[in-house]
Amino acid sequence: MCAIVALASCSKNDDGIPGGGSDAPEAKVILKLVGNSDQVTSKAAGIPGDLDTKNGTVNDLTVFIFNQSGIVITKQYIGTPATGANSISTTTDAKKVAVVANTGDMTGAGGAFASVASEDALKAVLSDMLVTPDAPTGDVTHTDANLYMSGINDLSAFSDVDGVQKATATVQLHYLSARIQLTEITFNGGTVTDNVYAQANNFTTNANANFTIKRVYLMNAQRVTHFLPATAGGSDYITQDLKQYTGGVAWGNPWTGQEPNQFKPNNEYTIEAGADKFSPTANKISDIGHWYTFANTGVSDINDHPTALVVEVLWRKTKANEGEGVAEELQPMYFTTYFGGGDKAELEAGKAYTVKLALNGNFKPTNEGGSGGGGTEDPTKPTVNSSVEVTVTAATWELVADISKEWK
């Protein structure tokens, strides 16, 4: 992870002080950046091996310096911070430093930080994961090498060091988003070993195939956040009443019930099944994709809209038999993992969730004993009665346990 080290010393430089000014002696804050890397952008299409390195990229900073009363005495954007010293002019009544990274310059007219003149005002700023929420094909603010980060900490007391008044602070940056990565979907690993899977583009022409995976998508993905937690050192970046949502498909059939607040569909949260991901010998689809969402905690009840990962399967419920006058029947089936709602761990900022799914149920047609693989016709219901295997691995992010679900 990245950290900012701030060193304040006396200076005669005179920059604008946006928080109302100060009569205290001038000082200079020298920011030192640890963990900087080159800018690279990527969308959620597969899981690159250097994902954690990309996630650690810091390419721009907005620095807020507050006095004892929490008033901004200095606010400055640094577009390309140096790995060494970055100089900012302020005053010796500086008491606290906040840093926001990877947002671009939001300090100018009309920007989210333009009118921020206090710590409380900074805590009130909301940011959306969707750049243009009403555009289903619109860009998202978070890409692999451009994740919002922030941190805040106190400056030490000023002291005389070789005739110069100095103070220091270390600001640890924290991710504002959670990362969900779907690493694999397997099948034919249970008692049924002869399900026939076909890629979506070959399914209709392969009469022997029992099922295909049409797409994988997120729903109830929480898309807004504050830049700082409400409590010192906390992870409470958003309250339930302020949450807004996105997802990979429009809210409507088969999605029923109360629509999440300000729900806006976006294609970023849908991954189509890709032929290059499927290994027929291993009965496995690997490196499927990953997404970023903001925190969605406090959702132990399914009605509170916990984030859901959905695997949409098309099942050949009945095979055609022209000689007996039997028509083919295709049935969508859903395998849903909820992050909350009594299913899996809720999505917290700064945590990465690795998901492995096993579809080991019987996908054969009903007249051959099949039952849709253990999925449901209603994606809004979590499949919580499945065999679950949980393991833990290490990563740069604060990883929760790997999530494995098996449908029999």
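The following refers to the structure shown. Treat the numbers as computed from the prediction; the structure is a model and nothing was measured.

This brings us to the packing of aromatic side chains. What describes a pair of aromatic rings is the distance from one ring centre to the other and the angle between the planes of the rings. Under the criterion given, the structure shown has 13 aromatic pairs. Note on Phe113 and Phe227: the rings are 5.1 Å apart at their centroids and 65° apart in plane angle, and the pair reads as edge-to-face. Taken together, the positions of Phe113 in the loop between strand E6 (96-101) and helix H2 (119-124) and Phe227 in the loop between strand E15 (224-226) and strand E16 (245-247) put the pair 114 residues apart, joining distant regions of the chain. Here Phe113 and Phe227 have matching classes, each one buried. Pairing Phe187 with Phe211 gives two aromatic rings, centres 5.3 Å apart and planes at 85°, and the pair type is edge-to-face. Highlighted residues: Phe187 in strand E12 (residues 177-187) and Phe211 in strand E13 (residues 211-219), separated in sequence by 24 residues. The burial state of Phe187 is the same as that of Phe211; both residues are buried. Clustering of aromatic rings is evident, with ring pairs tying together Phe64, Phe66, Phe113, Tyr148 and Phe227. Over the ring of Phe203 we find Arg316, and its NZ or CZ is 4.3 Å from the ring centre.

What follows concerns the nonpolar core. The biggest cluster of nonpolar side chains holds 74 residues, and the ones touching the most others in it are Leu309 and Val311. When residues no more than four places from it in sequence are discounted, the contact partners of Val311 are Ile185, Ile213, Arg215, Val216, Met333, Tyr334, Phe335, Leu357 and Leu359. Tyr217, Tyr245, Trp255 and Val310 belong to the second-largest nonpolar core, a separate cluster that totals 11 residues.

Here the focus is the pairing of E6. Residues in a regular strand point their side chains to alternate faces of the sheet. Judged by how many residues are buried, E6 sits mostly within the fold: 5 of 6 residues are covered. In this structure, strand E3 (residues 61-66) lies alongside E6, joined through 6 bridges in antiparallel fashion. By the bridge assignment for E6, Val63 is matched with Val99. Bridge analysis of E6 against strand E8 (residues 149-154) gives 6 bridges, and the strand direction is antiparallel. Bridging across to E8, Val99 finds its partner in Gly151.

Reading the values: rules and limits
- Every chain begins its residue count from 1, and numbering advances along the sequence as written.
- Totals for whole chains, interfaces and linings use every residue, but because this is a predicted model, local features are given only for residues with pLDDT of at least 70 and side-chain atom pairs only at 80 or more, for both listing and counting.
- Water and hydrogen atoms play no part in the side-chain values, which are based on all heavy atoms of the structure.
- In this scheme Phe, Tyr and Trp rings, the latter by its six-membered ring, pair at centre separations within 6.5 Å, and the angle between planes marks the pair as stacked below 30 degrees, edge-to-face above 60, and tilted otherwise.
- Each helix is a run of DSSP H or I of at least 4 residues and each strand a run of E of at least 2, with the numbering of both proceeding from the N terminus.
- Partly exposed describes any residue whose relative accessible area lies between the buried limit of under 20% and the exposed limit of over 50%, with all areas from a 1.4 Å probe on protein chains only and scaled to the type maximum.
- By the criterion adopted, a ring carries a charge over it if an Arg CZ or a Lys NZ lies within 6 Å of its centre and within 35 degrees of its normal.
- Nonpolar cores were defined as sets of buried Ala, Val, Leu, Ile, Met, Phe, Trp, Tyr and Cys residues, with membership established by side-chain atoms within 4.5 Å.
- Residue contacts follow a heavy-atom distance rule, with two residues in contact if any of their heavy atoms lie within 4.5 Å.
- Pairs of strands are assigned from DSSP output, requiring at least two bridges between the strands.

That's the geometry; what it means functionally is another story.
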